[in-house]
Amino acid sequence: MSRVVVVGCGGVAQVAVAKCCQLDDVFTELCIASRTISKCVALKEKLQPTTKTKITTRKIDANNFDEVVALFDEYKPEIVIHCGMPYHNLVIMDACIKCKVHYIDTAAYEPENVLDPEWRKVYDKRVKDKGFHAYFDYDSFQWGYDKKFREAGIIGLLGCGFDPGVTQAYVAYAAKHEFDTIDTIDILDCNGGDHGYKFATNFNPEINLREVSAPAAYYEDGKWHTLPAMSVKREYNFDGVGKKDMYLLHHEEIESIAKNFPDVKRIRFYMTFGQSYLDHMRCLEDVGMLSTTPINYEGKEIVPIQFLKALLPDPASLGERTVGKTNIGCIFTGKKDGKEKKYYIYNMCDHQESYLEVGSQAVSYTTGVPAMCGALMILKGLWNEKGVHNVEEYNPDPFIEALDKYGLPKSESYDPVMVD
Ligand code: NDP
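Residues numbered from 1 in each chain as written. Predicted model: local features only at pLDDT ≥ 70, side-chain atom pairs only at ≥ 80, totals over all residues. Heavy atoms only, no water.

(A) Just the state of the cysteines, in detail. Evaluated as defined, the whole model comprises zero disulfides. Its sulfur unpaired, Cys330 is 14 Å from the next cysteine sulfur, which belongs to Cys190. (Disulfide = S-S within 2.5 Å.)

Right, here's the structure in full:
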């Protein structure tokens, strides 16, 4: 018996809900709570005939603390899987503390308004102290909730998608089973899918475009190193996909891996992008369409990136037309029993297979499945350390077993091609 709230009803949430409904002996009651109630109702109508999970729906503004608390008070969930926007992480975490509800999200907090002077002070200090420029970080906000979560006797599981998420479980798994010491970690995120559009993003466009237009950063010898966005390019031959160009990016799991595995000398993150995507992104950036600063147009305030989002295809609608695979994983170097060793652990996920199973493309699938598996770990008591934690802090074995079983099996190589 469990009661779960899923916040959001976009690409990722639709997969998380569908996967929970496949495990209806564990997820017995589920409330889909999001901004546009018609999407929640449509998802309920699609899934209810296929599952014993009792699905309900609720219109909610996740930015409104009182509304979230009222939902938790009435529905009394054990856990909330937050698959909405990272802007709302802190509001939902506050409500979790008040109502003693476990919390899971898939992206680190960042504010909607990056000009907010209070947030800006914290951001400017972090950029100065640490030297990476992304709008998100764990240390300034979400990690600070640890004490309150422990006192409330609840778990806050941060970043439980694929990356962040599974990539950190892969780090914990490598540290536990494959290495005595890890020297370097390269996280490689390849989307070899083709949706046929000249330009579209595979997850929320605002978050996606903010992420890829920020300066790149990696961690080496205890320090952050920052480089201009998209300035480091490598080609890699991905299993199941083939050769792709990939670019060094900052990504949130670097920060938590660096904290939880302080002996690792270097951590980098690469993501693949096609030339058409990059050309469009540069052009949109040059003309100001990626700006989050409101402008006044004919008497109405418009945020350029939100207007762009309204023009772009909804990521949740890409499933039917996307073909190809994703391949996401981590390459490690280090030592085992005194000998140098290389190890690559990754997952390949097919866009069309994901679509046939749950009606979504693989980027949503690879995020929604781990979110469900994280909830499963907590509900089954397999992950029970209270407080705010990143995925790599828990035992990776049952989680990776669940991923293997529920749609994201691992592949391994002991002689991978290294990234120079
Ligand atoms: P979508 O834009 O498809 O979905 C976001 C959902 O949140 C929508 O249903 C939206 O409602 C809802 N929402 C927005 N504002 C509010 C609000 N104020 N109150 C209630 N609901 C709201 O995004 P995705 O599903 O693609 O991404 C979801 C999250 O997953 C993002 O944070 C993204 O960064 C993260 N992600 C993580 C990955 C990982 O591997 N860790 C990979 C990919 C994504 P409406 O339907 O009205 O628009």
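Back to the text.
(B) Seen up close, helix H9 (residues 252-260). By the criterion of burial, H9 is predominantly enclosed, with seven of the nine residues buried. For H9, the set of buried residues is Glu252, Glu253, Ile254, Glu255, Ser256, Ile257 and Ala258. (Buried < 20%, exposed > 50% of the residue type's maximum accessible area, 1.4 Å probe, protein only. Helix = DSSP H or I, 4+ residues; strand = E, 2+ residues; numbered from the N terminus.)

(C) Fine view of the nonpolar core. Judged by nonpolar contacts, the single largest core of 133 residues is most densely connected at Phe72, Ile185, Phe332 and Phe399. With 10 residues, the single largest contributor to this core is helix H13 (residues 362-379). The contact partners of Phe332, leaving out residues within four places of it in the chain, are Tyr170, Val171, Ala174, Phe179, Ile182, Thr184, Ile185, Lys341, Lys342, Tyr343 and Ile345. Of all hydrophobic cores here, the second largest spans 14 residues; its members include Cys190, Tyr236, Leu248 and Val419. (Core = buried A, V, L, I, M, F, W, Y, C linked by side-chain atoms within 4.5 Å. Contact = heavy atoms within 4.5 Å.)

(D) Main features of the pattern of salt bridges. What the rule picks out here adds up to 25 salt bridges. Between Glu74 and Arg58 there is a salt bridge; the shortest N-O distance is 2.9 Å. One end of the pair, Glu74, is in helix H3 (residues 65-75); the other, Arg58, is in strand S3 (residues 54-59), with 16 residues separating them in the sequence. The exposed category is assigned to Glu74, whose relative accessible area is 58%. Given a relative accessible area of 23%, Arg58 falls into the partly exposed group. In this structure, Asp180 engages Lys336 in a salt bridge whose closest nitrogen and oxygen atoms are separated by 3.8 Å. Of this pair, Asp180 sits in the loop between helix H7 (166-178) and strand S7 (181-191) while Lys336 sits in strand S15 (residues 325-336); the two residues are 156 residues apart in sequence, bridging distant segments of the chain. One connected set of salt bridges, linked through shared partners, spans Lys130, Asp139 and Glu255. (Salt bridge = Lys/Arg side-chain N within 4 Å of Asp/Glu carboxyl O.)

(E) Examining unusual backbone geometry more closely. Residue Asp163 is joined to Pro164 through a cis peptide bond whose omega torsion reads 15°. Summarising the element assignment, Pro164 is placed in the loop between strand S6 (155-158) and H7. Despite not being glycine, Glu298 has its phi angle at roughly 45°, a positive value. Relative to the assigned elements, Glu298 resides in the loop between strand S13 (295-297) and strand S14 (300-302).

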